2 protein chains.
Amino acid sequence: MAAKRSGTQSKRPQRKAASLQPVQEPRGEAPLSLERIVATAVDLLDAEGVDGLKMRRLADRLGAGAMSLYWHVGNKDEVFDLALDAVLEYRGPSHRVEAQDWRGDVVHMLEDWRAVMLRHPWSASLLPRRALGPNMLNRLELLSRTLSGAGVSDADLNVAIWSLWNYVMGATITRASFDLSDEDRAAGQQRLAGLSEHYPTIERSRLLLDNDWDGAFRKGLDFLLDGLGPRR
Amino acid sequence: MAAKRSGTQSKRPQRKAASLQPVQEPRGEAPLSLERIVATAVDLLDAEGVDGLKMRRLADRLGAGAMSLYWHVGNKDEVFDLALDAVLEYRGPSHRVEAQDWRGDVVHMLEDWRAVMLRHPWSASLLPRRALGPNMLNRLELLSRTLSGAGVSDADLNVAIWSLWNYVMGATITRASFDLSDEDRAAGQQRLAGLSEHYPTIERSRLLLDNDWDGAFRKGLDFLLDGLGPRR
DNA sequence: ACCTGAACACCGTTCAAGT
DNA sequence: ACCTGAACACCGTTCAAGT
């Protein structure tokens with residue numbers, strides 16, 4: 001399972017060490033920079049979703065000509081990569097000195113990861129099709145280290161990591177998609193009504209009306225962790 | 001968790017019962033029909049991926065004018081919905097009379113579901129963001145019925161179903177994405193090399209080079225089923 | 001009932017050019 | 001070094017019109 005699609009490399013020089021900032025431009029435009037572009041892209045994505053990110057619109061928000069972006073960035077995919085990884089930053093589980101609570105640490109990491117993606121609902125479905133950025137790799141490294149330290153053997157480690165990845169990604173992509181379509185909720189309900197006869201078990205358990213996403217996520221995760229934990 | 005985005009309804013009348021087909025047009029064009037459109041869309045998606053499906057291209061393949069499709073179909077999203085559900089058809093676990101092997105049945109259903117999506121790699125990432133079609137609802141109904149029949153209580157059923165959904169979707173979306181980018185494999189490898197120092201645990205376990213997708217899928221699934229199964 | 005071409009309002013990106 | 005407008009090659013979809 002190799003990393004992929006590294007995104008066309010921009011021919012721009014590495015961003016130089018931050019020179020002292022001019023306090024912040026009054027209200028006019030700060031000079032274009034990769035940082036501003038990425039930050040604005042995240043805002044735009046949060047506000048308008050994946051389809052809302054257009055190069056011209058992004059440039060507009062930055063008060064720049066439509067084509068100015070292409071000096072800082074190779075193409076639109078690179079904007080996606082940068083915005084995605086920007087959002088995934090993580091500073092460890094605040095290492096309290098107390099107990100070696102591997103399970104608590106893992107749950108904290110995964111719930112934080114999920115929460116971040118739900119805060120930026122475009123990010124989850126983007127993550128699997130783009131190359132893993134440094135922030136995501138860092139999260140995977142911390143997760144691996146924690147499980148390994150807890151006693152999961154090297155032979156079992158990959159299965160454990162990928163199972164957790166699969167579960168978290170599936171849960172978050174699904175939930176983010178439903179979030180985005182609250183408008184259609186009504187239409188969905190109605191459609192469901194006509195279906196009860198064909199899908200009696202779904203209807204009885206009210207599967208499609210279940211709202212306890214957080215609880216369901218946590219319970220399923222517990223099942224996985226029961227199985228994945230270090231051999232007792 | 002309600003169904004959603006039902007796809008703009010076409011104003012076309014329901015397709016009439018199949019009149020006797022003229023054996024198949026020699027090589028010229030059969031008349032345009034919803035069936036042909038959907039079948040051709042699936043072919044096109046298989047060959048070119050989600051971004052490869054363009055209304056003009058689809059019409060081309062059908063030997064029709066670019067705009068003829070819009071009489072049969074409301075818009076492009078409806079084509080996606082129809083192609084997606086067409087691919088998800090399922091005829092139960094061939095009910096052999098033998099043992100009440102609920103676990104075997106569940107594994108069969110989920111592996112078939114995953115296999116179908118991997119055969120049409122565009123389908124997995126599409127599924128969570130579109131309304132559930134009849135074929136997918138049928139799969140969920142069968143899954144629910146099997147778990148319920150095996151003794152999973154109504155209170156636990158939704159958590160069980162959604163956990164399995166999450167796991168299967170996450171696994172399949174991830175794997176299909178990697179499949180699509182074999183070309184970049186080389187670039188990925190190289191990128192990884194430079195990273196080994198920052199992510200030593202990932203490097204040691206060769207997490208990103210692991211190729212045993214099928215085995216990993218099955219093992220993680222077993223962990224989930226251990227936890228989800230009927231209370232013993 | 002079914003199909004069509006012209007036309008509109010967009011897209012991402014190239015390029016030659018400005019400062 | 002950094003930014004720009006004009007232009008190209010596309011898109012999905014509307015519409016008025018054909019048979």
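Residues numbered from 1 in each chain as written. Chains lettered and ligands numbered in written order. Predicted model: local features only at pLDDT ≥ 70, side-chain atom pairs only at ≥ 80, totals over all residues. Heavy atoms only, no water.

## Quick look at the protein's contact with DNA strand D
Thinking step 1. Around DNA strand D sit 16 residues, and of these G65, S68, W71 and H72 of chain A together with R56 of chain B come closest.
Thinking step 2. The sugar-phosphate share of atoms of DNA strand D within 4 Å of the protein amounts to 53%.
Thinking step 3. K54 of chain B places a side-chain nitrogen or oxygen 3.0 Å from a phosphate oxygen of DNA strand D.
Thinking step 4. Between DNA strand D and K76 of chain B, the relevant distance is 2.8 Å, taken from a phosphate oxygen to a side-chain nitrogen or oxygen of the residue. (Near = heavy atom within 4 Å. Polar contact = N/O pair within 3.5 Å; in protein donor to acceptor, adjacent residues only side chain to side chain.)

## Some points on the side chain of T172 of chain B
Thinking step 1. Relative to the assigned elements, T172 of chain B resides in helix α8 (residues 154-179).
Thinking step 2. Once you skip the residues sitting within four places of it in the chain, T172 of chain B turns out to touch R114, M117, L118 and A124 of chain B. (Helix = DSSP H or I, 4+ residues; strand = E, 2+ residues; numbered from the N terminus. Contact = heavy atoms within 4.5 Å.)

## What about the protein's contact with DNA strand C?
Thinking step 1. Every one of the 16 residues lining DNA strand C counts as a neighbour, but R56 of chain A together with G65, S68, W71 and H72 of chain B are closest to it.
Thinking step 2. The contact atoms of DNA strand C, taken as those within 4 Å of the protein, divide so that sugar and phosphate hold 54%.
Thinking step 3. Separating a phosphate oxygen of DNA strand C from a backbone N or O atom of M55 of chain A is a distance of 3.2 Å.
Thinking step 4. Within the backbone of G65 of chain B, a nitrogen or oxygen atom sits 2.6 Å from a phosphate oxygen of DNA strand C.
Thinking step 5. Looking at the surface near DNA strand C residue by residue, the class counts come to 8 nonpolar, 4 polar and 4 charged. (Nonpolar A, V, L, I, M, F, W, Y, C, P; charged D, E, K, R; others polar.)

## A closer look at the UniProt feature "domain: HTH tetR-type" (unreviewed entry) in chain A
Thinking step 1. In this numbering, the UniProt entry assigns the feature "domain: HTH tetR-type" (unreviewed entry) to residues 31-91 of chain A.
Thinking step 2. Measuring from the first to the last C-alpha atom of residues 31-91 of chain A gives 29 Å, for a span that is 62% helix and 0% strand. (UniProt positions renumbered as here; feature names shortened; annotations may be inferred.)

## Looking at the domain arrangement of chain A
Residue and element names in this part refer to chain A.
Thinking step 1. Domain annotation for chain A reports domain 1 (34-87) and domain 2 (102-228).
Thinking step 2. Here the C-alpha centroids of domain 1 and domain 2 sit 27 Å apart.
Thinking step 3. Domain 1 puts 12 residues into the contact, and the matching count from domain 2 is 12 residues.
Thinking step 4. In this assembly, domain 1 packs against domain 2 so that about 1100 Å² is buried in total across both faces, 63% of it on carbon and sulfur atoms.
Thinking step 5. Considering only the surface of domain 1 that becomes buried against domain 2, L84, D85 and V87 emerge as the three largest contributors, covering 51% of it.
Thinking step 6. At the surface where domain 1 touches domain 2, the tally comes to 2 salt bridges.
Thinking step 7. The residue D81 makes a salt bridge to R130 at a minimum N-O spacing of 2.6 Å.
Thinking step 8. Remark: the boundary between domain 1 and domain 2 carries 5 residue pairs in polar contact (both at pLDDT 80 or more).
Thinking step 9. Of all the secondary structure elements, the ones that give two or more residues to the side of domain 1 that touches domain 2 are α1 (34-48) and α4 (76-87).
Thinking step 10. Here the residues of the side of domain 1 that touches domain 2 are counted per class, giving 8 nonpolar, no polar and 4 charged. (Domains from an automatic or database assignment. Buried area = accessible area lost by both parts, 1.4 Å probe. Salt bridge = Lys/Arg side-chain N within 4 Å of Asp/Glu carboxyl O.)

## Quick word on the nonpolar core
Thinking step 1. Core analysis: the largest hydrophobic core is formed by 128 residues, its most contacted members being W113, L127 and L164 of chain A together with W113, L127 and L164 of chain B.
Thinking step 2. Those residues in contact with L164 of chain A that sit more than four places away from it in its chain are V106, L110, L143, L147, L221, L224, L225 and L228 of chain A. (Core = buried A, V, L, I, M, F, W, Y, C linked by side-chain atoms within 4.5 Å. Buried < 20%, exposed > 50% of the residue type's maximum accessible area, 1.4 Å probe, protein only.)

## A word on the pattern of salt bridges
Thinking step 1. This model, assessed by the stated rule, comprises 24 salt bridges over all chains.
Thinking step 2. As a salt-bridge pair, E141 of chain B and R145 of chain B come within 3.1 Å of each other at their nearest N and O atoms. Taken together, the residues E141 of chain B and R145 of chain B, both in helix α7 (residues 134-150) and 4 residues apart, mark about one turn of the helix.
Thinking step 3. For E141 of chain B, a relative accessible area of 0% puts it in the buried group.
Thinking step 4. On the accessibility criterion, R145 of chain B (43% relative accessible area) is partly exposed.
Thinking step 5. What you see here is one network of salt bridges that share partners, running through R103, R218, D222 and D226 of chain A.

## Quick word on the packing of aromatic side chains
Thinking step 1. Enumeration over the complete set of coordinates arrives at 10 aromatic pairs over all chains.
Thinking step 2. Seen from their ring centres, W213 of chain A and W162 of chain B are 6.2 Å apart, and the 40° between their planes marks the pair as tilted. In this pair, W213 of chain A sits in helix α11 (residues 213-228) while W162 of chain B sits in helix α8, so the two residues belong to two different chains. Both residues of the pair, W213 of chain A and W162 of chain B, count as buried.
Thinking step 3. Members of the aromatic cluster, connected to one another through ring pairs, are W113, W162 and W165 of chain A together with F178 and W213 of chain B.
Thinking step 4. The ring of F217 of chain A has R114 of chain A lying over it, and the distance from NZ or CZ to the ring centre is 4.4 Å. (Phe/Tyr/Trp six-rings, centres within 6.5 Å; stacked < 30°, edge-to-face > 60°. Lys NZ or Arg CZ within 6 Å of the ring centre and 35° of its normal.)

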